[in-house]
Every structure is written in C-alpha cells, then in structure tokens.
Protein chains: 2
Amino acid sequence: MRVSQLFAPTLRETPAEAEVISHQLMLRAGFIRKAAGGIYSYLPLAWRVLKKIETIVREEMDAKGGQELAMPVIQPAEMWQETGRWSVYGDEMFRLKDRHNRNFCLGPTHEEMITTLVRGDVRSYRQLPLMLYQIQNKYRDEIRPRFGLMRGREFIMKDLYSFDRDEAGLDESYNKMYDAYTKIFTRCGLTFRAVEADSGAIGGSGSHEFMVIAESGEAAIVYCGDCDYAANVEKAELHPITGQVEERLPLSETDTPGTKSIAALCQFLDICPEKTIKTLAYRTDTGAIVLALVRGDHEVNEIKLLNKVGCLRLDMANEEALAGIMGSCAGYIGPVGFDGRDDIIIVADATVMNMVNAVCGANKLDKHYINVNPGYDFTPDIIADIRLIQENDPCPRCGAPVKTARGIEVGQIFKLFTKYSTSLQATYIDDDGKEKPMVMGCYGVGVSRTMAAAIEQNYDQNGIIWPAPIAPYHAVIVPVSSKDEAQMALAEKVYGDLNANGVEAVLDDRNERPGVKFKDADLIGYPLRITIGPKAINDNLIEIKVRRTGETLYFSSADYLSKVKELLAKL
Amino acid sequence: MRVSQLFAPTLRETPAEAEVISHQLMLRAGFIRKAAGGIYSYLPLAWRVLKKIETIVREEMDAKGGQELAMPVIQPAEMWQETGRWSVYGDEMFRLKDRHNRNFCLGPTHEEMITTLVRGDVRSYRQLPLMLYQIQNKYRDEIRPRFGLMRGREFIMKDLYSFDRDEAGLDESYNKMYDAYTKIFTRCGLTFRAVEADSGAIGGSGSHEFMVIAESGEAAIVYCGDCDYAANVEKAELHPITGQVEERLPLSETDTPGTKSIAALCQFLDICPEKTIKTLAYRTDTGAIVLALVRGDHEVNEIKLLNKVGCLRLDMANEEALAGIMGSCAGYIGPVGFDGRDDIIIVADATVMNMVNAVCGANKLDKHYINVNPGYDFTPDIIADIRLIQENDPCPRCGAPVKTARGIEVGQIFKLFTKYSTSLQATYIDDDGKEKPMVMGCYGVGVSRTMAAAIEQNYDQNGIIWPAPIAPYHAVIVPVSSKDEAQMALAEKVYGDLNANGVEAVLDDRNERPGVKFKDADLIGYPLRITIGPKAINDNLIEIKVRRTGETLYFSSADYLSKVKELLAKL
C-alpha cells in the first residue's frame with residue numbers, strides 16, 4: 001500500500017473529547033472515527049489490527065477444538081424471558097420491535113442463544129463435549145460511553161461456550177481456555193496477568209480475568225513475581241502479619257495535640273505506623289456504625305468489609321452521625337470502650353489482633369491511648385481479613401513479596417455450571433440412560449478492547465508503538481525526498497522486496513517534507529521505519545529506526561532483509 | 001475435523017416450513033438453524049462456506065485497490081434524515097431508540113454513513129480516487145421473510161463505495177468492480193451472468209446485476225451465446241422484425257367461429273401465428289383503455305408498455321369495462337375502427353408495423369378481419385418496442401439467437417453519481433481550486449445469498465453438490481467399518497496426508513452403518529468421498545467417488561493424493 005492512497009487521515013490536534021491515550025491516539029493516527037456516542041467506524045489501519053487479533057484468537061480457539069459459527073446479533077425476547085435476564089439487563093440492553101411488534105434485543109452476550117441452539121440438536125452424551133464460538137459485534141447501551149473503544153456501545157467480542165457432561169469435563173474445558181487465552185495475549189505481544197475474579201452479574205462461580213498491564217487500567221491488581229499468583233486487589237486474600245513478641249503493658253491515655261493523621265501521630269510520638277491502629281467509621285444502610293480497624297500502614301478493603309459485615313451498603317460516617325453516637329472526636333476515634341454496644345460493630349483486621357502495646361485514638365480531642373492490647377483492652381465483634389493488599393505484602397500462595405499494578409480487562413473465563421442449561425432445559429441423555437443438564441462455561445475476549453489496551457500499554461509522546469504481531473503494517477519506507485529519482489527507485493525496490501518476503505510494508509510516496517512523514521510514521525506506530533536518503537544511495541546503507549527503542553541501525557542492502565526479519569521477531 | 005466431534009446435526013425429514021431447495025438442504029444438512037423469522041444462526045459448516053466466499057471477495061476487492069474498514073451496524077437517524085431516506089425506507093428499516101431516547105436504525109445499507117465519514121476527512125483531489133469496503137451484517141425488516149437465506153432480515157453483505165473526482169473516474173471504478181465481480185463469481189465456481197439492470201430505489205442510473213443461473217431464480221433473464229449481452233427480460237431492448245415482402249390486399253371480414261385464442265384461430269384459418277395480430281386490452285389508472293398490439297407469437301412486456309403509455313398503473317381490462325367502450329367482443333377485439341378515439345390508446349409493437357395482410361379481431365363475436373395492413377387500416381397512437389424478448393430472438397447487440405434463463409441476484413453495481421455527495425455535502429477542492437461534489441458508486445455482494453444461490457444451482461435429490469472452491473471441506477473419508485482396525489489405521493493415514501497437503505478433509509469416525517455415513521456425505525455435499533473398505537486394505541486401491549458426476553474411481557495409495565488434487569481443480 002502506498003501512503004498517498006491509504007485512507008489513514010492523521011490529525012495534528014488531539015480532539016478535546018478524548019480522555020484516554022488510546023482514544024486520543026486512535027483518533028489522531030486515523031484509526032477510528034466516531035459515528036455516535038460509543039459507536040465508531042474502524043478505518044483501514046484499525047481494521048488490519050483487529051483482523052490480526054481475530055486471526056490469533058481464531059487459531060487458538062481452533063487449536064483447542066473450538067468450532068466457529070455465527071449467531072444472530074438481533075435476538076428474540078422470548079429466550080431472555082425464559083432465563084429472566086430480559087428484565088435483569090435493564091437499560092443497558094438495546095431493545096427494538098419489528099414491524100409485527102415482536103420484541104427483540106441486540107445481543108449483549110449469547111448464553112441464551114447458544115443454549116437454545118444446542119438444546120435443539122444435542123441429545124446424547126456422545127455429542128459432548130462441545131466448544132462453539134463466534135467473533136462478532138456485541139451491544140451494551142452504556143449510560144455514559146467514554147474512553148473510546150475501552151467502553152463503547154458497539155464492540156467486537158469473541159465468545160466461546162463449552163458444553164460438558166459433568167464438572168470434571170467443565171474443568172478440562174476451562175483449563176483449555178485458560179491456556180488458549182494465555183497463548184492469545186502472549187502472541188499479541190502484550191504484558192498481561194490472569195487474575196482470580198468474581199463472576200459478577202453473568203452468574204456462576206469460578207472465573208479468571210485476563211488483564212493487560214497499563215497505568216491507565218481501571219482495575220488494581222497484585223501479582224507475585226515468584227509464583228503465578230495474581231488477583232484483583234479487592235479479591236486478594238491476606239494472611240495476618242505477626243507482630244514483635246513483647247510484654248503487654250497496661251493501657252494509658254496520653255496527650256497528642258494536633259495529631260489527627262497517622263503521620264502526625266507517629267511524628268509526635270516518634271513511633272512507626274506499624275505500632276498504630278487506624279480506626280475508620282462507616283455507616284451501614286440500616287444506620288449502624290461500623291468501626292473498621294487496620295494497622296496504621298494498611299488500608300481498608302471496603303468490598304471485603306462490606307461482605308464481612310453482610311450489609312447492602314457502606315458509606316463513610318459523617319462527623320454529625322458520629323458525634324451522635326460516639327461524641328465529637330473526629331480524628332481521635334478508637335475502639336476502646338465501645339465494644340459490646342448494639343449500635344456499633346467493631347471489625348478488626350486479623351493483623352491488628354497480633355499487635356502488642358499499640359496506639360489508638362482515645363475518643364477525646366487531642367488524646368490517644370498507648371499500650372493498647374487488642375483482645376484485652378477491647379473485643380471486636382468480627383475479626384477478619386479486611387485490608388487491601390499492598391506492594392511487598394507476602395504472596396498468599398508462596399510468601400514472596402507481591403507487586404501491584406493496574407490492568408485493563410481484555411478477557412474473562414467463567415464456569416457457568418448448569419445455570420443456563422437448567423433454566424433453558426438443555427439436557428442430554430447420559431450413558432446411564434438418565435437425562436442430565438449440560439455443564440457449561442463461557443469465555444470472552446474483547447477484540448476491539450484488546451486493540452485499545454495494546455495502545456494504553458505501548459505508546460510514547462510521539463504516538464503508538466505497536467507490538468509487531470498486531471501492527472497494521474510491519475514497516476514504513478520513507479524516501480527522504482520523493483522527487484529524488486534514485487531514492488524513489490531504491491524505495492520502490494525495498495518496498496517490493498519486503499512485501500515479497502512476507503514483511504508488510506507501506507511506502508510513503510507522498511510529496512511531503514521528511515519531517516511530516518517521520519511524524520506520521522511515529523504517530524501510527526509502525527514497528528520499523530526504513531529511511532531511504534543520500535546515505536542509502538551514496539554509501540549503500542539502509543537506515544532502520546526501531547520505533548520502540550528509538551535506536552537507528554544501518555545495514556547494507558545485501559543483508560537488510562534478514563535483519564528486518566530478525567528485528568521484527570523480537571518486537 | 002472428525003465427524004464425531006463436528007457440530008453438523010443432519011435431519012432425516014425436510015422441515016415443513018422450508019419452501020425452496022437451498023433452505024431445505026441447509027436445514028437438513030446442519031448448516032443453519034432459525035432463531036426467528038428471517039434470522040438464522042450459521043452453524044460451523046455454513047460458516048466455513050461463508051468465510052471462503054468472504055476471502056474470495058476480499059482478495060478481489062483488495063486487488064482493485066479497495067481498502068477494508070468496518071462501519072457501525074447501528075446508525076444515528078440524523079444522517080438518514082439529511083438524505084430523506086429516514087422516511088423513504090418505511091417499515092423495512094429496523095429502528096430503535098437508545099436510553100437517552102435518540103433515534104437509531106440497523107443499517108440496511110451504508111451510503112449515508114460512508115459519505116459522512118469521507119466528507120469529514122477528504123478535502124483534496126489528491127486524496128481521490130478512494131474505494132472503501134466492508135463485509136458485514138445488514139438488516140431489512142421484510143414483511144414476509146421467506147426462502148431461508150434468500151430473503152432474510154439479517155444477512156451478510158460486502159458493500160464497496162467509490163469516490164472519484166469526475167464521471168470518467170467513476171467509469172473507471174465501475175469497470176474495475178465489474179471485472180472484480182466477474183472474477184469473484186467465477187472463482188466461486190458458479191454459472192452466472194452480468195445483466196443490465198434498472199437502478200431501483202437506491203437511486204442513480206447505470207447498473208448491472210450479477211445473476212447466478214438457477215431454475216428457481218426470481219428473475220427471468222436473456223443472454224446471448226455469441227456476445228456478452230445479457231439483460232433482465234423486462235429490460236431487454238428489441239429491434240423490430242421485418243415481415244415477408246408481399247402485395248397489400250384489401251381488408252375483409254371473415255367468419256371464425258370459436259376462435260378466441262391465437263392457436264384456435266391459426267388452426268381454423270390454417271395460418272401461422274406470425275400472420276396474426278394479438279390485441280390485449282388494459283385499463284389505466286385514469287380509466288382510459290389501452291389496446292396493446294403484438295405479433296401473435298409474441299408477448300407484451302407490461303413494464304415497457306407502462307413506461308411508453310406514461311401512466312402509473314395498468315391492469316387487464318375486465319369484460320364489463322371493455323363492453324362499455326368497445327362492445328361485447330372479448331376474444332375478438334382488434335384495433336380497426338378504434339383509432340382516433342380519446343378514450344382508447346392504441347400502442348403497436350414496432351414489429352406489428354412491418355406486417356402485411358395480417359389477421360386480427362373484428363370486434364364482433366366469431367369474426368376476424370383478414371388482410372389487415374397496419375398504418376393503412378388503422379393508425380396506432382404509439383409505435384414502440386413493447387414486446388417481451390423470447391428464446392431465439394435476435395440478440396439486440398449482435399443478432400445471434402438469444403437464450404433465456406432464470407437467475408438469482410447475488411451482486412449489483414451502481415453508479416450513484418453525486419446523489420449522496422450533494423445531499424450530504426461531501427465535496428473536495430479540485431486542482432482548479434473549485435469545490436466539487438465527489439462522484440460516487442456503490443457495489444454490493446450478497447455473501448450469505450451467494451451461499452444459498454450456489455445450492456440452488458448445485459444439488460440433486462441426495463443433497464448439496466458444492467463447487468470445490470467454496471465447499472466447507474474438500475473431502476470426507478469414510479471407513480466402511482470404524483471397528484475394523486486396518487481400515488481405521490489407513491483412514492487416519494489418508495486423513496493426515498490430505499490435510500498436510502492442503503486438502504481439507506474430515507474423517508467420518510462415527511460408529512454408524514456405511515449407508516448412514518454415505519447419506520450424510522451426499523447430503524452435506526463434500527466434492528469427494530474417499531471410501532476405505534476391504535478393497536483398500538486387500539488390493540491397495542483407494543476408492544474416490546465424485547459427488548457431482550457420481551463416478552467412482554480407484555487409485556493406488558501411491559498416487560491418490562495427486563489425483564485428488566487434480567479432481568478438485570476441475571470441480
């Protein structure tokens with residue numbers, strides 16, 4: 001493809017509506033254009049990237065025995081009413097009526113459709129296991145579509161559904177998909193982690209999310225550098241940390257003027273945060289006060305806390321509510337003296353219970369208790385793991401220090417068990433002659449989201465840096481002057497040679513200054529830029545600039561082709 | 001793929017709802033399943049066929065410089081309101097509202113979307129010409145979806161749009177697409193014709209339809225065996241046929257009892273139909289009577305007649321209406337004596353004007369005129385080409401006898417000129433500095449319809465007969481007994497060898513009687529069936545049955561592989 005003909009309209013300015021980097025760069029580099037909120041056209045460069053991701057996904061699905069098919073985008077309401085999800089989905093589902101006033105939706109997912117399809121044609125255990133998948137547009141009417149392709153209303157997904165005789169079969173299918181997903185994101189050239197996840201609204205239990213690591217990621221994750229443990233921060237389980245062995249001293253009150261924060265308190269008393277108990281006050285939906293206790297250097301995991309207390313909602317208690325129950329002592333609250341009360345629930349992190357001679361608020365302005373001994377000076381209502389995991393916490397599996405990162409969810413695998421096969425009567429006759437519900441799993445890859453996530457992970461101030469396996473083209477050939485006949489002739493030769501040898505190259509034949517062509521090359525993010533200038537003509541040296549590292553290499557025209565291939569294999 | 005694992009559920013019975021052969025066979029052979037009226041799931045075998053058609057289409061679009069992209073399925077109403085088509089489309093358009101009550105439709109076509117997209121990013125003549133295409137679901141809410149994939153509500157189309165500076169550029173783009181379409185349907189292994197067509201509701205003028213020839217086709221077409229002329233029967237132009245040179249004789253009336261039909265008249269008078277004038281009476285929407293005259297062996301083309309008369313509607317005049325104006329003489333009407341009247345329009349086919357001493361009705365029961373000489377004994381109001389072309393009529397281009405056939409429209413190419421670029425202000429600055437509207441064309445291939453049309457053209461009483469280039473698999477290997485170890489071992493070896501050599505083969509490893517396996521093989525329509533039975537084991541002979549011809553061939557295991565490839569190249 002010659003750049004003069006390529007429909008890749010680049011923009012000088014960053015459009016104001018784009019908040020995240022992938023959205024900004026895809027607009028600027030001519031990859032996408034908006035048709036309506038959360039609805040985009042994919043221009044030719046984006047479409048090439050998407051096709052490459054699709055091909056990788058398809059090959060890995062086929063390798064595990066997946067069979068590709070295509071189900072309708074437009075789905076009749078009846079099957080959604082059978083599972084009850086017609087009402088559950090609410091406004092997030094695009095709904096429409098046909099000319100005969102029948103109800104349809106645009107599929108946000110296809111569990112109902114595939115289960116209905118399979119129940120009609122699978123009757124015997126001999127037809128199982130079965131893995132069926134499609135790559136297709138999905139629809140979700142987001143209340144506030146934003147972040148470009150990261151949260152759109154029309155997006156491309158691969159969804160595979162597995163049907164097995166029993167849970168052992170489901171485990172096998174699940175493990176195959178775990179392995180396939182690992183291969184997919186590895187082949188895409190992305191840094192990612194598979195993390196343990198909640199299974200959320202889709203139902204079932206047993207789930208992993210595949211997260212592309214990127215600073216802009218919506219999800220905070222932890223992972224172990226030594227073993228393969230990884231989890232959502234909210235989900236990560238923690239063992240209590242044991243404190244130093246020390247003789248317990250009697251509780252006493254001390255003056256601590258102006259020490260509302262842990263930092264101020266530690267400075268005033270000349271102690272480390274590990275010696276302090278942090279007390280946070282919440283209010284439940286039923287009006288009770290929850291005092292959550294964690295060590296001074298730890299943070300409360302509000303999702304864990306909510307689950308342990310067993311309430312529907314938790315909000316930080318405001319000073320007013322607090323004053324009514326505990327007196328006015330904001331910044332100086334603590335658990336001592338409040339245990340055993342009906343209107344106050346004390347929840348202590350397990351690590352707090354291992355602390356000896358700690359410091360905590362005394363529920364009076366400018367006063368703290370010292371030598372507080374949990375279990376002696378106060379008794380919590382609940383002792384549990386309620387803290388957020390932190391960088392360098394011991395890995396719950398192997399004990400090595402964990403690392404934290406932010407991630408973008410690009411894939412998720414779920415065990416559905418018999419949730420849909422039961423509600424939709426998808427049964428089979430087993431070899432014992434009995435009718436049993438099929439045991440199902442579902443497995444999604446956000447294809448268009450993976451493209452956006454790849455950019456969130458791979459860019460610099462000049463533009464996108466594509467991993468070679470999913471780059472729209474591998475290389476751009478830039479003649480410094482397209483009016484120089486010798487340069488153009490060599491550029492054409494290189495262009496022909498590269499494409500004939502499986503290197504996808506474009507030729508920037510536009511009559512533009514080299515600076516303009518270099519800027520566009522960086523913005524679009526071709527892994528290699530091959531510059532044909534006077535050096536190439538006079539010294540027989542082909543200049544290759546590596547987009548990711550910025551390094552410039554020179555090769556003779558005799559061996560540049562093999563060098564290009566070597567470089568690409570590493571990018 | 002092993003057939004025991006393949007999701008291709010075949011049916012013994014033909015489902016009652018399926019009216020046409022492609023619908024029946026795709027249901028029976030496990031290619032499609034219905035989700036709602038006109039909405040289908042494509043099962044794995046169908047999906048493989050569709051992917052092959054898509055690949056052929058994509059390669060030919062790319063070869064002409066087309067760039068693939070993907071536009072949204074869900075489209076905002078505003079752009080459709082700009083062109084006025086939001087109201088024109090009526091109930092055929094699927095419409096929906098999002099949660100913010102904004103109007104959207106599911107794209108039946110993408111002229112509005114692509115024109116809006118291109119107008120935003122193309123400003124200069126240097127960016128033209130441009131050919132952009134996509135392969136995607138399209139939506140049409142048919143009032144009575146039927147015939148399976150032939151007239152569905154969700155279907156797969158390739159649509160390309162060309163943008164040029166001027167009409168000369170459009171001609172070039174149009175010719176490229178004409179050539180590409182010819183290559184596409186040739187590569188698919190289909191017998192087809194490109195016919196001149198009206199451009200219909202989509203607008204513009206200058207159009208060809210690509211028709212797959214099949215007895216079940218909705219459209220009647222004519223084509224020349226000598227030159228490449230082909231047209232819709234309704235559209236085919238005809239030169240008048242000259243009669244024999246003969247001396248004109250005076251008009252006279254003769255008794256012709258019981259001769260209401262041309263056949264009876266010819267038998268009674270012992271003349272050939274070429275000597276008679278057939279008179280058909282129509283009534284226009286304004287109440288006038290139209291007498292249409294064609295030679296006795298010809299038929300009236302009512303579309304041509306309607307256009308020549310210039311009325312909105314034409315219906316056959318009933319006897320009552322006729323009696324009021326012309327008297328009671330049904331079966332004996334003729335033009336003589338009715339010329340010059342305000343309430344009767346006489347339209348004569350040009351061939352009629354070349355007749356000498358003809359026979360026509362005398363407007364009295366059981367009476368005809370003989371020696372009628374058009375232009376002398378009556379004067380028509382309009383002389384024009386109003387007859388239907390017939391088998392063996394001279395080709396309007398070269399004069400050779402034409403053939404007739406029925407066709408299924410699988411592609412159409414259109415010149416849109418500036419219809420959409422004007423209404424949507426898609427302009428560019430030309431090299432003379434002037435702002436001009438882009439000159440557009442649009443070009444569609446019905447991808448899912450092509451699959452159905454391929455079956456309508458290629459089947460027998462046992463099932464589908466796939467052309468090899470779009471067959472889901474090239475060959476099925478059938479061990480006669482899957483319990484025979486020697487047969488299974490050889491079958492596995494053949495299976496491995498074929499797939500390793502680019503022949504897509506499935507292995508029917510099911511524990512079924514050979515008759516069941518043969519029946520399924522014929523129904524699904526694999527081009528080749530390779531049977532591994534005692535002959536293969538004992539005599540080292542591999543049996544290959546050709547699905548299309550039914551012939552059975554035997555090859556030694558040493559050279560069957562090259563023979564398979566040779567056979568496939570011809571299928």
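Below you will find a few notes about this structure. (Residues numbered from 1 in each chain as written. Chains lettered and ligands numbered in written order. Predicted model: local features only at pLDDT ≥ 70, side-chain atom pairs only at ≥ 80, totals over all residues. Heavy atoms only, no water.)

## Section: the overall build of chain A
Step number 1: Broken down by element type, chain A carries 15 helices and 31 strands.
Step number 2: Across the 571 residues that make up chain A, the buried fraction comes to 57%.
Step number 3: Of the contacts formed within chain A by residues at least 6 apart in sequence, a portion of 69% connects residues at least 24 apart.
Step number 4: Counting only carbon and sulfur atoms, one obtains 48% of the accessible surface of chain A, whose full area is about 23100 Å². (Helix = DSSP H or I, 4+ residues; strand = E, 2+ residues; numbered from the N terminus. Buried < 20%, exposed > 50% of the residue type's maximum accessible area, 1.4 Å probe, protein only. Contact = heavy atoms within 4.5 Å. Areas by Shrake-Rupley, 256 points an atom, 1.4 Å probe, with all protein chains shown as cover.)

## Some words on the packing of aromatic side chains
Residue and element names in this part refer to chain A.
Step number 1: One pass over the structure, following the stated rule, counts 22 aromatic pairs over all chains.
Step number 2: Aromatic side chains Phe94 and Tyr139 sit 6.4 Å apart centroid to centroid with 80° between the ring planes, which places their arrangement in the edge-to-face category. A residue pair is termed long-range when its members are at least 10 positions apart, and Phe94 in the loop between helix H4 (85-88) and strand S5 (95-97) and Tyr139 in strand S7 (residues 130-139) qualify at 45 residues. Of the two residues, Phe94 and Tyr139, both sit in the buried class. (Phe/Tyr/Trp six-rings, centres within 6.5 Å; stacked < 30°, edge-to-face > 60°.)

## A closer look at the packing of helix H1 (residues 21-28) of chain A against helix H11 (residues 447-457) of chain A
Residue and element names in this part refer to chain A.
Step number 1: Close contact between H1 and H11 brings their axes to 8 Å; oriented N to C, the two are set at 100°. Taken as axis vectors, H1 and H11 run roughly perpendicular relative to one another. The residues of H11 that touch H1, namely those facing Ile21, Ser22, Leu25 and Met26, are Met451, Ala452, Ile455 and Glu456.
Step number 2: Tallied by class, the residues present in the contact of H1 with H11 amount to six nonpolar, one polar and one charged. (Axes fitted to C-alpha atoms, helices over the stretch in contact; angles between N-to-C directions. Parallel < 35°, antiparallel > 145°, perpendicular 65-115°, else oblique. Nonpolar A, V, L, I, M, F, W, Y, C, P; charged D, E, K, R; others polar.)

## Description of the pattern of salt bridges
Residues and elements named next belong to chain B.
Step number 1: Scanning the entire structure with this criterion turns up 88 salt bridges over all chains.
Step number 2: Ionic pairing is found between Asp255 and Lys367, a salt bridge with its closest N-O pair at 2.4 Å. A residue pair is termed long-range when its members are at least 10 positions apart, and Asp255 in strand S13 (residues 252-255) and Lys367 in strand S19 (residues 367-372) qualify at 112 residues.
Step number 3: Glu299 is paired through a salt bridge with Lys278; the nearest N and O atoms lie 3.4 Å apart. In this pair, Glu299 sits in the loop between strand S15 (289-295) and helix H8 (302-309) while Lys278 sits in strand S14 (residues 277-284), placing the two residues 21 residues apart along the sequence.
Step number 4: Classification of Glu299 as partly exposed rests on a relative accessible area of 39%.
Step number 5: With a relative accessible area of 15%, Lys278 lands in the buried category. (Salt bridge = Lys/Arg side-chain N within 4 Å of Asp/Glu carboxyl O.)

## Here we look at empty space enclosed by the protein
Step number 1: A full pass over the atoms with the stated rule returns three cavities of 30 Å³ or more.
Step number 2: The calculated volume of the largest cavity comes to roughly 510 Å³.
Step number 3: Contributing to the lining of the largest cavity are 33 residues, with Ile135(A), Gln136(A), Ile135(B), Gln136(B) and Asn137(B) lying nearest its centre.
Step number 4: Mapped onto the lining of the largest cavity, the elements with two or more residues apiece are helix H2 (44-63), S7 and strand S8 (154-164) of chain A together with strand S2 (39-42), helix H2 (44-63), strand S7 (130-139) and strand S8 (154-164) of chain B.
Step number 5: Top element by residues in the lining of the largest cavity is S7(A). It accounts for five residues.
Step number 6: Along the lines of polarity and charge, the residues of the lining of the largest cavity split into 19 nonpolar, five polar and nine charged. (1 Å grid on protein atoms, 1.4 Å probe; cavity = no way out; pocket = protein on both sides within 12 Å on 5 of 7 lines; lining within 4 Å. Points joined across faces, edges and corners; volume = space filled by probe spheres on them.)

## Focus on the packing of H2(B) against helix H11 (residues 447-457) of chain B
All names here are of chain B.
Step number 1: Relative orientation of the contacting elements H2 and H11 amounts to 115°, with a least axis distance of 9 Å. Viewed along their axes, H2 and H11 adopt a mutual orientation that is roughly perpendicular. Note on packing geometry: the crossing formed by H2 with H11 is right-handed. Packed against H2, whose contacting residues are Ala46, Val49, Leu50, Ile53 and Glu54, the element H11 presents Val447, Ser448, Thr450 and Met451 at the interface.
Step number 2: Class assignment for the residues of the contact of H2 with H11 results in six nonpolar, two polar and one charged. (Left-handed = near helix turned anticlockwise from the far one by under 90°.)

## Here's the deal with the pairing of S14(B)
Both faces of the sheet carry side chains from a regular strand, because those side chains alternate between them.
All names here are of chain B.
Step number 1: With six of eight residues buried, S14 lies mostly within the body of the structure.
Step number 2: As paired elements, S14 and S15 share seven bridges and run antiparallel to each other. Bridge pairing in S15 links Lys278 to Val294.
Step number 3: Where S14 folds back onto S15 in an antiparallel hairpin, the turn is made up of four residues, including Gly287, whose phi is positive at roughly 100°.
Step number 4: Of the pairings in the sheet, the one linking S14 to strand S16 (residues 314-316) comprises three bridges and is antiparallel in character. Bridge pairing links Thr284 to Leu314 in S16. (Pairing = 2+ DSSP bridges.)

## Things to note about the relation of the copies chain A and chain B
Step number 1: Between chain A and chain B, the superposition needs a rotation of 179° and an axial shift of 0.1 Å, giving an RMSD of 0.2 Å. Look at the turn and shift together and you get a two-fold axis relating the two. Closest approach to the rotation axis among the C-alpha atoms of chain A is made by Leu96(A), whose C-alpha sits 2.6 Å away.
Step number 2: Taken as a fraction of all interface residues of chain A, those also at the interface in chain B reach 100%, which identifies the copy contact as same-surface. (Least-squares fit on C-alpha atoms with pLDDT ≥ 70 in both.)

## Some words on the sheet that holds strand S31 (residues 552-556) of chain B
Residues and elements named next belong to chain B.
Step number 1: Ordered by their spatial adjacency, five strands build an open sheet running S28-S27-S29-S30-S31, and the pairing between neighbours is mixed. The open sheet has two edge strands with one neighbour each: strand S28 (505-507) and S31. The mean inter-strand angle of the sheet, taken between neighbouring strand axes irrespective of direction, is 25°.
Step number 2: In this structure, strand S27 (residues 475-479) lies alongside S28, joined through three bridges in parallel fashion. Counted as the bridge partner of Ala475 is Ala505 from S28.

## Digging into helix H5 (residues 111-121) of chain B
Step number 1: With respect to burial, H5(B) is a largely interior element, eight of its eleven residues being buried.
Step number 2: Residues of H5(B) that are buried include every one of Glu111(B), Glu112(B), Met113(B), Ile114(B), Thr115(B), Leu117(B), Val118(B) and Asp121(B), and no others.

## Section: the sheet that holds S14(B)
Residues and elements named next belong to chain B.
Step number 1: Taken together, the five strands give an open sheet; going across it, the order is S16-S14-S15-S17-S20, and neighbouring strands pair in mixed fashion. The strands lining the two open edges of the sheet, one partner per strand, are S16 and strand S20 (382-384). Looking at each pair of strands side by side, their axes are set apart by 30° on average, direction ignored.
Step number 2: As paired strands, S15 and strand S17 (residues 344-349) are joined by five bridges and run parallel to one another. Paired with Leu293 across the bridge in S17 is Ala348.

## So, the interface of chain A and chain B
Step number 1: At the junction of the two partners, chain A supplies 51 residues and chain B supplies 51 residues.
Step number 2: Taken over both partners, the interface formed by chain A and chain B buries close to 4400 Å², and the fraction arising from carbon and sulfur atoms is 61%.
Step number 3: Contact with chain B buries surface across chain A, with Phe7(A), Gln67(A) and Arg99(A) losing the most and accounting together for 16% of the total.
Step number 4: Inspection of the region where chain A meets chain B yields four salt bridges.
Step number 5: Its salt-bridge partner being Asp121(B), residue Arg33(A) comes within 2.8 Å of it at the nearest N-O pair.
Step number 6: At the junction of chain A and chain B, the tally comes to 20 residue pairs in polar contact (both at pLDDT 80 or more).
Step number 7: Here the side of chain A that touches chain B is built from residues that sort into 30 nonpolar, six polar and 15 charged. (Buried area = accessible area lost by both parts, 1.4 Å probe. Polar contact = N/O pair within 3.5 Å; in protein donor to acceptor, adjacent residues only side chain to side chain.)

## Examining the side chain of Asp98(B)
Step number 1: Relative to the helices and strands, Asp98(B) is located in the loop between strand S5 (95-97) and strand S6 (103-106).
Step number 2: A polar atom in the side chain of Asp98(B) sits 2.9 Å from the backbone nitrogen of His100(B).
Step number 3: A polar contact is formed between the side chain of Asp98(B) and the backbone nitrogen of Arg102(B), at a distance of 2.9 Å.
Step number 4: Setting aside residues no more than four positions away along its own chain, Asp98(B) makes contact with Phe94(A), Asp141(A), Arg153(A) and Phe104(B).

## With respect to the environment of His239(B)
All names here are of chain B.
Step number 1: Note on placement: His239 falls in the loop between strand S12 (230-232) and S13.
Step number 2: The spatial distance from the C-alpha of His239 to the C-alpha of Thr351 is 8.0 Å, given a sequence separation of 112 residues.
Step number 3: Beyond its immediate chain neighbours, meaning those up to four positions away, His239 contacts Thr351, Arg387 and Pro396.
Step number 4: A distance of 3.2 Å separates a polar side-chain atom of His239 from the backbone oxygen of Pro396.

## Overview of unusual backbone geometry
Residue and element names in this part refer to chain A.
Step number 1: Following Leu128, the chain continues to Pro129 via a peptide bond in cis, the omega torsion being 0°.
Step number 2: Looking at the secondary structure, you find Pro129 in the loop between helix H5 (111-121) and S7.
Step number 3: The backbone of Asp366 shows a phi angle near 60°, a positive value even though the residue is not glycine.
Step number 4: Topologically, Asp366 is positioned in the loop between strand S18 (358-361) and strand S19 (367-372).
Step number 5: Residue classification places Asp366 among the partly exposed positions, given a relative accessible area of 26%.

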